[in-house]
Amino acid sequence: MTEAKSDIISALLLEERQFPAPAGFQKQAVVRDPAVYQKAAEDPEAFWASFAEELSWFQKWSQILDWKPPHAKWFVGGKINASVNCVDRWAKGALGQKAAIIWEGEPGDQKVLTYEDLYQKVNQFASALKKLGVRKGDRVAIYLPLIPEAAIAMLACARIGAIHSVVFGGFSAEALRDRINDAAAKLLITADGGWRRGAQVPLKQFADEALTNTPSIQHVIVVKRTNRDVRIQAGRDHWWHDVLEGAEPHCDPEPMDAEDMLFTLYTSGTTGKPKGIIHTTGGYLVQTYATSKWVFDLKPSDIYWCTADVGWITGHSYLVYGPLANGATIFMYEGSPDWPQKDRFWSLIERYGITIFYTAPTAIRAFMKWGSQWVDKHNLSSLRLLGSVGEPINPEAWIWYHEKIGGGRCPIVDTWWQTETGAILITPLPGLTTCKPGSATKPFPGVEAKVLNEKGEEVKEGGGLLALTKPWPSMLRGIYGDPKRYEETYWSKWSHLKNMPQNVYFAGDGCKRDKEGYFWLLGRVDDVMNISGHRISTMEVESALVDHQGVAESAVVSKKHEIKGEAIAAFVILREGVQKGEKMVQELKDHVAKKIGAIARPEDIIFTADLPKTRSGKIMRRLLKDIAAGKVLGDTTTLADSAIVQKLKEEYKEE
Ligand code: WT7
C-alpha cells in the first residue's frame with residue numbers, strides 16, 4: 001500500500017471513532033436534555049427570545065423577528081446596551097469582586113480586573129471618549145495588542161453607542177489605513193507597541209504611517225505598553241493614562257436600539273478589498289450570550305481562556321462579549337505560545353487553573369509538532385472542556401488534543417461559524433453530543449443548516465455546499481457602505497433558481513453530511529484561503545504582488561501546509577529584465593507582508609513565464625494548485641519556459 005493510501009485509511013478510521021459526552025461531564029452540564037433540539041426547532045423565535053429574557057433591557061422588544069429576506073431585524077423595538085450586560089450587571093450585583101479579566105503579558109507581567117474594576121475603567125474611558133467628541137454612531141478604530149485595554153476600549157465604545165472597528169495588531173499600516181478610511185473612523189486607539197516573541201511590535205509607528213492619509217481621524221489615544229519612544233502629535237495624540245485622569249468616573253450607558261450597530265469588523269472576501277461586516281446590538285448579544293453558556297458550559301467557577309486576538313471575530317464574540325455577558329472570568333494572554341519556551345500555554349493553564357480552553361487547529365498542530373514533552377511538564381488537570389475553531393480540525397489533531405491536552409476526560413467542541421455569523425452555528429453541546437473527530441457535528445438548537453447542491457437541492461447524505469436556511473440573531477446585517485455586495489455575496493447563490501426561496505445564506509464552505517446527519521466542513525469553495533485559521537483572499541495577495549515594480553502579473557493559490565492548514569503559493573511573472581532568484585523571492589515575500597501583514601506572507605514564490613488561462617481568459621487555478629502541490633510538474637523551475645506552461649495547460653485534465 002502506498003503511504004498516501006494508508007494515511008487516508010487511518011484518517012478514515014479515526015473519523016469513525018465516536019466519543020460520547022463523558023458521564024462525569026454530562027451529569028453537571030448546563031444542557032443535559034436532548035429535547036432542546038426539538039423544542040427549539042418547533043419555535044426558534046421563542047427559543048432565542050428565552051435567552052433574550054435573561055439579558056437586561058431598558059425596554060423590551062415588541063417583535064422577536066422581522067424577516068424580509070435578506071434583511072432581518074431581531075428584537076424589534078428593544079433597547080439595550082452591551083456594556084451594561086457585560087459589566088454593570090455583575091459589578092453592581094454579587095459579582096463585583098469576582099475577576100472579570102485575568103491577564104498575563106508576554107514578558108510575564110500580570111493584571112487582574114474585578115468586575116468592579118472593569119466597571120470603573122469602562123465608565124472612565126467612555127467619558128474620555130465623549131470628551132474628545134465621540135458620539136453615538138461615530139466609528140472608532142482600535143489597533144491594540146492583546147491587553148485589557150482592548151476589551152475596555154470595546155466596551156466603552158459600546159457604552160456610548162460608538163461603533164468599534166478593531167483592526168488586528170498584526171496588520172500593516174496600509175491595512176489599518178484602508179479600514180480607517182472605509183469606515184471613516186473619527187478616533188483611533190492604539191499603543192506605543194506590543195510584545196511578540198520577545199520583540200516589540202511598533203504599533204504607534206505603524207499607526208503614524210497609516211495616519212498620513214486618514215482625513216476622518218481627529219484624535220488618537222495611545223496606551224503605554226512597552227515604553228518605547230513614540231511621536232506624540234500635539235492636539236491629535238493623547239496618552240491613555242492622561243485622558244483617563246481627567247475623566248468623569250461615571251458615564252450613563254446609551255440606550256441602544258436592538259438594531260443599532262455595535263461594531264464592524266473587516267474580513268477578506270473574494271475581491272481585493274476587505275469588507276466591513278456589520279453587527280448590531282441585540283441579536284448579537286443574545287446569541288453570543290446563549291452560545292457561550294451552552295457550548296462552553298459556563299459555570300461561575302470557570303476560568304475561561306479563548307486564545308484568539310480581539311482583532312478577529314472569535315476575540316469579539318468569545319473573548320469579550322459572550323463570556324462577559326455570562327459574568328464569567330476570562331483569561332487573556334498577550335503573546336506567543338512559544339515564548340520564552342514552547343510550554344508557555346501549558347504553564348499558563350497550570351498556573352491560572354484554566355478550566356475551559358478554546359483555540360485553533362493550526363495551534364494544535366504546532367503543539368503536536370513541538371512534541372508532548374512540553375505538555376507533560378505541566379499539570380493540566382484543571383481543564384474540563386476544550387474547543388476548536390477557525391478551520392476543519394484533522395482527526396489526528398483532534399485525537400491528540402483529546403488525549404494530550406484533555407487527558408482523555410474533556411469533551412471537545414469543534415465550533416463552525418464565521419465573522420458574518422457573529423456566533424457559533426454548528427457545534428456539539430458538550431453534555432449531549434457524541435463527537436466524531438473532524439466533524440463540527442450538528443447545528444446549535446434554533447439554527448437551521450443544510451447541505452445543498454448547485455441546483456439548490458438538499459443533499460441528505462454526501463457532499464455539497466453549506467447553506468443556512470433560517471435567520472439567526474447574530475447574523476450580519478450588511479457590509480459597511482456596500483449593501484449590494486451583501487446581497488450578492490451571501491444571498492444570491494441560489495436565488496436565480498426557480499422554486500428556491502430567496503432566503504438562503506451561502507456560507508462559502510464545502511460540506512459533507514454522513515448517514516447520521518453529522519456535518520463535516522470541507523473548507524472554502526471560493527477564492528478565500530484559510531491561512532492558520534485566518535481568512536485571506538487570493539486577490540488581496542495578487543494586488544499586493546503587482547504593486548511591486550518588478551511584477552507584471554501574478555496568480556495566487558493555496559497549498560496544503562502541515563501546520564498552517566493552508567499556505568500561500570504565488571505564481572509571478574516578472575517584468576522584462578528583472579532578475580529572478582532568491583533575492584527577489586525574499587523581496588516579494590517582504591513586500592506582501594508589508595502591504596497586508598505577516599499572516600499574508602507567501603510560503604512559495606514561483607517565477608513563471610506565463611500563466612495558464614482558459615480561452616475566456618480565466619486563470620486555471622486548479623492547475624496552479626496542482627503545480628504548487630507538486631502533483632503536476634515536480635520541478636517548478638521549468639515554468640520559466642512558456643512552451644512548458646502551454647503544454648501543461650493542454651494536457652491538464654481536471655480530476
Ligand atoms: C471560515 C470563517 C469563526 C471564527 C474564526 C474564523 C472556517 C471556521 C471552522 C470549523 C471548519 C471552520 C470556514 C469558515 N471555519 N470554523 N470549526 N470547521 N471550518 O472566522 O475568518 O470569518 O472564517 O473559517 O471556512 O467559512 P472567519
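Bear in mind the structure is a predicted one, so any value in this text is a computation, not a measurement.

About the criteria used
Residues numbered from 1 in each chain as written. Predicted model: local features only at pLDDT ≥ 70, side-chain atom pairs only at ≥ 80, totals over all residues. Heavy atoms only, no water. Buried < 20%, exposed > 50% of the residue type's maximum accessible area, 1.4 Å probe, protein only. Helix = DSSP H or I, 4+ residues; strand = E, 2+ residues; numbered from the N terminus. Pairing = 2+ DSSP bridges. Right-handed = clockwise from strand over helix to strand, strands pointing away. Domains from an automatic or database assignment. Phe/Tyr/Trp six-rings, centres within 6.5 Å; stacked < 30°, edge-to-face > 60°. Lys NZ or Arg CZ within 6 Å of the ring centre and 35° of its normal. Salt bridge = Lys/Arg side-chain N within 4 Å of Asp/Glu carboxyl O. Axes fitted to C-alpha atoms, helices over the stretch in contact; angles between N-to-C directions. Parallel < 35°, antiparallel > 145°, perpendicular 65-115°, else oblique. Left-handed = near helix turned anticlockwise from the far one by under 90°. Contact = heavy atoms within 4.5 Å. Nonpolar A, V, L, I, M, F, W, Y, C, P; charged D, E, K, R; others polar. UniProt positions renumbered as here; feature names shortened; annotations may be inferred.

Moving on: the pairing of strand 7 (residues 139-143). Regular strands show a simple pattern: their side chains alternate between the two faces of the sheet. Of all the 5 residues making up strand 7, 5 are buried; the element is thus mostly covered by neighbouring parts of the structure. Of the two faces of strand 7, the one holding R139, A141 and Y143 and the one holding V140 and I142 are both buried throughout. The sheet contact formed by strand 7 and strand 8 (residues 163-166) spans 4 bridges and is parallel. The residue of strand 8 that forms the bridge with I142 is V166. A crossover connection joins strand 7 to the parallel strand 8 through helix 7 (residues 148-160); in handedness this β-α-β unit is right-handed.

Another aspect to go through is the domain arrangement of the protein chain. Segmentation of the protein chain into domains returns domain 1 (449-524) and domain 2 (528-651). Distance from the C-alpha centre of domain 1 to the C-alpha centre of domain 2: 30 Å.

Time to look at the packing of aromatic side chains. By the definition in use, this model includes 45 aromatic pairs. Look at F168 and W312: their rings are 4.7 Å apart centre to centre, the planes differ by 40°, and that puts the pair in the tilted class. Of this pair, F168 sits in the loop between strand 8 and helix 8 (173-183) while W312 sits in the loop between strand 17 (303-306) and helix 12 (313-325); the two residues are 144 residues apart in sequence, bridging distant segments of the chain. Each of the two residues, F168 as well as W312, counts as buried. Members of the aromatic cluster, joined through ring pairs, are W305, F331, Y333, F345, W346, Y352, F357, F367, W370 and Y401. Over the aromatic face of F171 sits the side chain of R179, whose NZ or CZ is 4.5 Å from the ring centroid.

Okay, the pattern of salt bridges next. Tallying each qualifying case throughout the model produces 45 salt bridges. When the shortest N-O distance is used, the salt bridge between E454 and K493 registers 3.0 Å. Residue E454 is found in the loop between strand 22 (449-452) and strand 23 (462-468), and its partner K493 is found in the loop between helix 17 (483-491) and strand 25 (505-513); the two are separated by 39 residues along the sequence. For E454, a relative accessible area of 51% corresponds to the exposed category. Salt-bridge contacts for D526 lead to R524; the nearest nitrogen and oxygen are separated by 2.6 Å. Classification of R524 as partly exposed rests on a relative accessible area of 24%. Salt bridges here are not isolated pairs; linked through shared partners, they connect K204, D208, R236 and D237.

Ordered in space as 13-12-9-7-8-15-16-24, the 8 strands form an open sheet in which the pairing is mixed. Strands with a single pairing partner mark the edges of an open sheet, and in this sheet they are strand 13 (237-239) and strand 24 (478-479). Sheet topology places strand 16 (residues 275-280) next to strand 24; 2 bridges connect them, and they run antiparallel. Counterpart to I277 in the pairing with strand 24 is I479.

In contact at an axis separation of 11 Å, helix 7 and helix 12 are set at 60° when each is read in the N-to-C sense. Classified by the interaxial angle, the pair formed by helix 7 and helix 12 is oblique. Viewed along their axes, helix 7 and helix 12 form a crossing whose handedness is right-handed. Here helix 7 contributes A151, M154, L155 and A158 to the contact with helix 12, which in turn contributes H316, V320, Y321 and L324. In the contact of helix 7 with helix 12, the residues fall into 7 nonpolar, 1 polar and no charged.

Strands sit in the order 1-4-14 across an open sheet of 3 strands; the sheet is antiparallel. Since the sheet does not close on itself, it has two edges, and those belong to strand 1 (57-59) and strand 14 (256-257), each with one partner. Sheet analysis places strand 4 (residues 79-80) next to strand 14, joined by 2 bridges and oriented antiparallel. Bridged to K79 within strand 14 is D257.

Okay, the UniProt feature "domain: AMP-dependent synthetase/ligase" (unreviewed entry) in the protein chain next. The feature "domain: AMP-dependent synthetase/ligase" (unreviewed entry), as given by UniProt, occupies residues 90-470 in the numbering adopted here. The annotated region residues 90-470 carries 31% helix and 23% strand content, and the separation between its end C-alpha atoms amounts to 33 Å.

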